[in-house]
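Structure at a glance
Residues per chain, in single letters:
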Amino acid sequence: MRPEDQRRVLIEVVSRVKERQLAVAARSAEAYLDHLIHETIFYEDERVRTDVHSVKRADDKAWLAALRRRFSHAGELEKKRLLADIIERHAAEILGHFSDPVYRFTTSVIPSGLGVMLNAFSPLKLASDFPRLPDVSGNIVIGGRVEELRKLEKLGTVVLTPTHSSNLDSPVMGYAVFRMGLPPVTYGAGLNLFQHRFLGYFMQRLGAYKVDRLKKHSLYKDVLKEYATVTLENGYHNLFFPGGTRSRSGAVEQKLKLGLLGAGIQAYYNNLRGKKPNPKIFIVPCTINYQLVLEAASLIDDHLKEAGKSRYIIVDDEFSRPSRIYAFLRNLVTLEERVHLIIGRALDPFGNDVDEEGVSRDAHGRPIDIERYFLRGGEPVHDADRNAEFTRLLGARVVDAFMADTLVFSTNVLAWTVFERLRAESSDRDFYRFLRSAAYEITLPMTEVYRDVDRTLGLVRRLASEGRLRASDAVAHADAETIVAKALRLFGCYHTRPVLERHGDRLFPTDMNLLYFYRNRLWGYGLERMKSEATVGAA
Amino acid sequence: MAPRKTSLAILGSGRMAAALAALAARVSGSVAVVAPPLADAAGTGAARFGGLRLPKTVRVFESLDRAALAAPLLVVAVPSFQVGGIMARVGPLLRGDQYVVHASRGLVGSGGGWERPSEVIARESCVRKLGALAGPFFADEVVKGEPSSLVAASGFREVVDATKAALAGGPVSLFTSDDLCGVELGGALGPIYAVAVGMAAGLGYGMGTRAALLTKALSEMAGFGATGGAQARTFSGLSGLGDLFTLVSVEGAAPFRFGVAVAGRAGRPDEWLRDVRIREARASADAVRRAAASMGVAMPILTAVAEVFDGARPTRERIEALAGAGAGRDADAVIDPKRLGVPLPALFPQGGRGKG
């Protein structure tokens, strides 16, 4: 949020939320304001008690105590003041900041600086590139509908919605936006990231706004959504991860958080009512694809413990340890591996495809007059329930796009093959026992691994030809032995324990949890069914 | 003279279209029935509007009248295997502010998988405010003005409200649901299980056996429905249990009579396949059997009916295995919806969005 817009946006957000809540209170037969303030106190009290890592804990406690005191004696007028105070406090916390100098520094210096540092371990590479300074940007590949995105950015306001596997996703997206020549985006980031020693400095100044996932009360969510809506109406391109949190299981997100996604339809409606030029909002799903995931070990551990799912925020994982980040990025550079960002087909807020001219089209390519979706009896009508259902439809299309634009690597192919083979060979029907024991009980002859990987490649290539996923170059063209060698090299270079190890002519599973993590990237494509149909056919 | 504005248009030329038109004519203002010739009408064997007479106030169009099709609410009342064809013609004429509700009971085969009728309508048009009508709805009773009940389902409240305003009133109760997927699946799967209960009746089994089959049928429906995003409780409602109960209680219901007829006989009586409801049930059974197999979801009763449609012979041993199986196998047949969010293989296989 640029400084010149901050105050205006803040006032707009606070005013709208206050007016909306007061309107509901006026219509409600019950003590709606009491309920709203009670709910805030209840959930904030719980959060402050349990969030021991919060740097604002003392301040929050004091504020909460004052709120409780004021509420205990409050008449109707005081309750309205309390409502306003709560909204203002949340909005001020959420508000993002943007600094042009920091942005210029970040986009020009850091990639090269990082590149020099990391390539110190590869003097040959440094020498071969001299005098050009190496940078990590060569390791970030951007594909898909980039040109289309560049055109749409000029025709309306864009909401980028990437998949979320790692905390590296935010800097990857930030850099990719710069590389594509787009204006900087505003984006919601977890409050814990602002407390990160290194990243926090940049998060504070590069347009991120704070999202506190530990705040559960409805008033906070209302303020957050309104903030996103107002930024869109003011032409700020947005980015948020509709999965809400990093994929713990390694699978492509299937269930999305629809709250912020719904800001698009509301902003579009408000733009139309306000007769704004370029009122359209375009939602652009994208996938960020890694051969290896920085935080894979912690994520799969959390998934398997089912320790709270999205309610649990991992504070101490690989991303909080500079040595792990360094090791990860070093491997990225020295192995010449890439992070692949794929820009998907744009959608309108109702889930329809959008072409590069910004026109919404149906499944047969016919143009759609999307303004008509707001009409009832010939007049535009605001309807929150209707918008929620449209957003649900949009969410389903985003999930479809995630699945189709996911890039499958050799690590995923080998992990899926070996995991499924181990599962078939295991007599254990208890999944957790299988994970614990398989590494000790079963090893696989390499000849059989190559044969099985070859079959998996056939299935994955078939899915790729049907447009249901994307195959990396190696997965698309290489033979099974090359795929296995590449994946084993990667599995052995970063994680504390190699995922799989080859000794002689046998393959040993060493870390079943990680194997499961990388295998899950291929979940949801029906690969199991295809495999059994192929087996029946062969028989 | 300016053309009359139609408040409700019904697309179809069968008994359901006639019954809905008669119902709407009592409740709403201007009602039109659009009944163009349909490509797959052969084999349905029925007279136009099933021999039922429409009220004089209902206007009938035998071609795709654009003014009629511009009605705020359009009800598609054709068999499921005709939805794709008719929507390919009508879809381009529709607008985003219209509501489209269908009364089809079946799933539409598509590219090796299947779609619900609402998904076909969404694919063939720009309309997104979609809904479905289902439940134990008998055209004869409605035309006579006897009490009936229906459920209207949509994720859009305004669609349900508009449908209720157009059809509810007098002897017809119209219940509502926000679970479009569940209501559509309930309406499509119910007739399949009615065949199973008919088979049991035809083989001489009494009410106890039939009740056991019914109970397990509901479990199968709910389990399969949950994998596709439906709410399990929807199947305990009008379009699930309510519909199924009616189909197995009314001796004249086609799926039940089909089950009785094939019980104990070799092969399948081909003359039954001309019945619209049997055609729909057969197509739905085949599609769901394949989808369930791909997801590792056990649906033994549905699979048995699908095999009968393919020509297998229903036997006493098979009925007893389906109705009287031990608890262990029954537990395997039920998907625990609480676990569906976690991709754990082995014990709880799941297939994402249930399309195979």
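Within every chain, residues take consecutive numbers counted from 1 along the sequence as written. Written order determines the labels here, with chains lettered from A and ligands numbered from 1. Owing to the predicted nature of the model, reporting of local features is limited to residues with pLDDT of at least 70; listing and counting of side-chain atom pairs is limited to 80 or more, with chain, interface and lining totals taken over all residues. Hydrogens are left out, water is left out, and the side-chain values use all remaining heavy atoms of the structure.

Next up on the list: the overall build of chain B. Secondary structure elements follow DSSP: runs of H or I no shorter than four residues count as helices, runs of E no shorter than two count as strands, and numbering proceeds from the N terminus. A count of helical and extended segments in chain B gives 14 helices and 10 strands. Here chain B, with 356 residues, has 56% of them falling under the buried criterion. Throughout, a contact is declared for two residues whenever any of their heavy atoms are within 4.5 Å. A fraction of 74% describes how many contacts in chain B between residues 6 or more apart in sequence connect residues 24 or more apart. Summed over its atoms, the accessible surface of chain B is roughly 13400 Å², and 55% of this surface lies on carbon and sulfur atoms. Each residue gets one of three labels from its accessible area relative to the maximum for its type: buried under 20%, exposed over 50%, partly exposed in between, using a 1.4 Å probe on protein chains only. Note on areas: these come from Shrake-Rupley sampling with a 1.4 Å probe, and a residue is covered only by the protein chains present in the view.

Turning our eyes to something else, we now look at the overall build of chain A. For chain A, the count of helices and strands is 24 helices and 16 strands. A buried classification covers 56% of the 539 residues belonging to chain A. A fraction of 75% describes how many contacts in chain A between residues 6 or more apart in sequence connect residues 24 or more apart. Carbon and sulfur atoms make up 54% of the accessible area of chain A, which amounts to about 23300 Å² in all.

All names here are of chain A. Spatially, β1-β7-β6-β2-β5-β3-β4 is the arrangement adopted by the 7 strands of the open sheet, whose pairing is mixed. Only two strands of the sheet have a single partner each, and these edge strands are β1 (140–144) and β4 (208–211). Note: strand β2 (residues 157–162) against strand β5 (residues 238–239), 2 bridges, orientation parallel. Along β5, the bridge assignment pairs V159 with N238. Two strands are said to pair when DSSP picks up at least two bridges between them.

Turning our eyes to something else, we now look at the side chain of R386 of chain A. Assignment of secondary structure puts R386 of chain A in helix α17 (residues 384–404). Here R386 of chain A occupies a buried position and makes no salt bridge, while the nearest side chain of opposite charge, E158 of chain B, is found at 4.5 Å. For the purposes of these results, a polar contact is taken to be a pair of N or O atoms within 3.5 Å, where, inside protein, one atom must be able to donate a hydrogen and its partner to accept one; residues adjacent in sequence count only when each atom of the pair is a side-chain atom. In terms of polar contacts, R386 of chain A uses its side chain to reach the backbone carbonyl oxygen of V381 of chain A, at 2.8 Å. Within the structure, R386 of chain A has its side chain in polar contact with the side chain of N387 of chain A (distance 3.3 Å). When near neighbours in sequence (up to four residues on either side) are disregarded, R386 of chain A contacts Y373, F374 and V381 of chain A together with K129, F156 and E158 of chain B. Note on charges: Lys and Arg go in the positive column, Asp and Glu in the negative column, and His and the chain ends are not counted at all. The salt bridge definition used is simple: a Lys or Arg side-chain nitrogen within 4 Å of an Asp or Glu carboxyl oxygen.

All names here are of chain A. At a minimum axis distance of 9 Å, the contact between helix α18 (residues 410–425) and helix α20 (residues 446–465) shows a crossing angle of 120°. Crossing of α18 over α20 shows right-handed handedness. Counting all contacts with α18, which are made through V413, L414, W416, T417 and R421, the residues of α20 involved are E448, V449, R451, D452, V453, T456, L457 and V460. Classification used: nonpolar for Ala, Val, Leu, Ile, Met, Phe, Trp, Tyr, Cys and Pro, charged for Asp, Glu, Lys and Arg, polar for all others including Gly. By residue class, the composition of the contact of α18 with α20 is 7 nonpolar, 2 polar and 4 charged. To get an axis, fit a line to the C-alpha atoms, keeping to the stretch in contact for a helix; angles then go from 0 to 180 degrees between the N-to-C directions. Take the far helix as your reference; a near helix turned counterclockwise from it by less than a right angle gives a left-handed crossing, and one turned clockwise gives a right-handed crossing.

With that settled, the discussion passes to the pattern of salt bridges. Residues and elements named next belong to chain A. In the structure shown here, the tally under the stated rule is 62 salt bridges over all chains. When the shortest N-O distance is used, the salt bridge between R470 and D405 registers 3.1 Å. Pair noted here: R470 is in strand β14 (residues 470–471) and D405 is in the loop between α17 and β12 (407–408), with a separation of 65 residues, a long-range link. Looking at R470, the relative accessible area reads 32%, which means it is partly exposed. Taken together, the shared-partner salt bridges in this structure form one network comprising E44, R47, D59, D60, R89, E93, D212 and K215.

Moving on: α17 of chain A. Three- or four-residue spacings in an α-helix give side chains the same orientation, since the helix completes a turn every 3.6 residues. Take the number of residues in a helix, subtract one, and multiply by 1.5 Å to get its expected span. Spanning 21 residues, α17 of chain A covers 30 Å between terminal C-alpha atoms, matching the ideal 30 Å at 1.5 Å per step. When we look at burial in α17 of chain A, the residues that qualify are R386, N387, E389, F390, T391, L394, G395, V398, V399, A401, F402 and M403 of chain A. Where α17 of chain A is buried, its residues contact β2, α13 (258–261), α14 (263–273) and β6 (281–289) of chain A together with α6 (157–167) of chain B.

The geometry of an aromatic ring pair is captured by two quantities: the separation of the ring centres and the angle between the planes. Stacked, edge-to-face and tilted are the three classes for Phe, Tyr and Trp ring pairs, Trp counted by its six-membered ring, which pair at centre distances within 6.5 Å; planes under 30 degrees apart are stacked, over 60 edge-to-face, the rest tilted. One pass over the structure, following the stated rule, counts 18 aromatic pairs over all chains. Considering the side-chain rings of F491 of chain A and Y518 of chain A, the 5.4 Å spacing of their centres and the 55° angle between planes classify their relative orientation as tilted. Taken together, the residues F491 of chain A in helix α22 (residues 480–491) and Y518 of chain A in helix α23 (residues 512–519) connect sequence positions 27 residues apart. A relative accessible area of 0% places F491 of chain A in the buried class. By relative accessible area, which is 2% here, Y518 of chain A ends up buried. Taken together, the ring pairs in this structure connect Y268, Y269, F350, Y373, F374 and F390 of chain A together with F156 of chain B into an aromatic cluster. Against the face of Y220 of chain A rests K215 of chain A, its NZ or CZ located 5.5 Å from the ring centre. Charge over a ring is defined by NZ of Lys or CZ of Arg lying within 6 Å of the ring centre and within 35 degrees of the ring normal.

A word on unusual backbone geometry. Even without glycine at this site, K275 of chain A takes up a positive phi of about 50°. Position of K275 of chain A among the secondary structure elements: in the loop between α14 and β6.

A few words on the sheet that holds strand β16 (residues 506–509) of chain A. Pairing between the strands of a sheet comes from backbone hydrogen bonds, and it takes one of two forms, parallel or antiparallel. Residues and elements named next belong to chain A. Pairing within the open sheet is antiparallel, and its 3 strands lie in the order β13-β16-β15. Single-partner strands in this sheet number two, and they are β13 (444–445) and β15 (500–503). Pairing between β13 and β16: 2 bridges, direction antiparallel. Counterpart to P445 in the pairing with β16 is R506.

Residues and elements named next belong to chain A. Mapped onto the fold, I11 is located in helix α1 (residues 3–27). Its relative accessible area of 42% is what places I11 among the partly exposed residues. Remark: the alpha-carbon pair of I11 and A91, spanning 80 residues in sequence, is separated by 9.1 Å.

Moving on, we come to the nonpolar core. The definition of a nonpolar core used throughout is a set of buried Ala, Val, Leu, Ile, Met, Phe, Trp, Tyr and Cys residues joined through side-chain atoms within 4.5 Å. By size, the foremost hydrophobic cluster in this structure holds 184 residues, and its most contacted members are L160 and L414 of chain A together with I10, L20 and L133 of chain B. Sequence-distant contacts of L160 of chain A, that is, excluding residues within four places in its chain, are made with L149, M173, V177, V185, N238, L239, F240, V284 and C286 of chain A. Of all hydrophobic cores here, the second largest spans 58 residues; its members include W114, L189, A217 and A306 of chain B.

For chain A, the average pLDDT comes to 86, and 84% of its residues sit at 70 or higher. One number per residue, pLDDT, summarises how confident the predictor is, and it ranges from 0 to 100. Counting interchain partners and residues more than four positions distant, the pLDDT-below-50 stretch residues 307–312 of chain A has 11 contacts.

Here we come to the side chain of H164 of chain A. All names here are of chain A. By the element assignment, H164 lies in the loop between β2 and α9 (169–179). A polar contact of 3.4 Å, which involves the side chain of H164, links it to the backbone oxygen of S166. Beyond its immediate chain neighbours, meaning those up to four positions away, H164 contacts D169, F241, T245, R246, S247 and E253.

This part covers the pairing of strand β7 (residues 339–343) of chain A. Residues and elements named next belong to chain A. Counted residue by residue, β7 has 4 buried out of 5 residues, so it is predominantly covered. As paired elements, β1 and β7 share 5 bridges and run parallel to each other. Of the residues in β7, the one forming a bridge with G144 is I343. Direction of pairing for β6 relative to β7: antiparallel, over a ladder of 4 bridges. When the sheet's bridge partners are listed, T287 is paired in β7 with I342.

Relative to the assigned elements, A31 of chain A resides in the loop between α1 and α2 (32–50). Each C-alpha atom, one on A31 of chain A and one on G190 of chain A, is 33 Å from the other, the two residues being 159 residues apart in sequence.

Caution applies to low-pLDDT parts of the model: their predicted coordinates are not meant to be read in detail. All names here are of chain B. Per-residue confidence for chain B gives a mean pLDDT of 83; residues scoring 70 or more make up 85%. Taken element by element, chain B is modelled with least confidence in helix α14 (residues 327–333), mean pLDDT 39, and with most confidence in strand β5 (residues 99–102), mean pLDDT 98. Contacts for the low-pLDDT stretch residues 327–356, under 50 throughout, to residues beyond four places or in other chains number 69 contacts.

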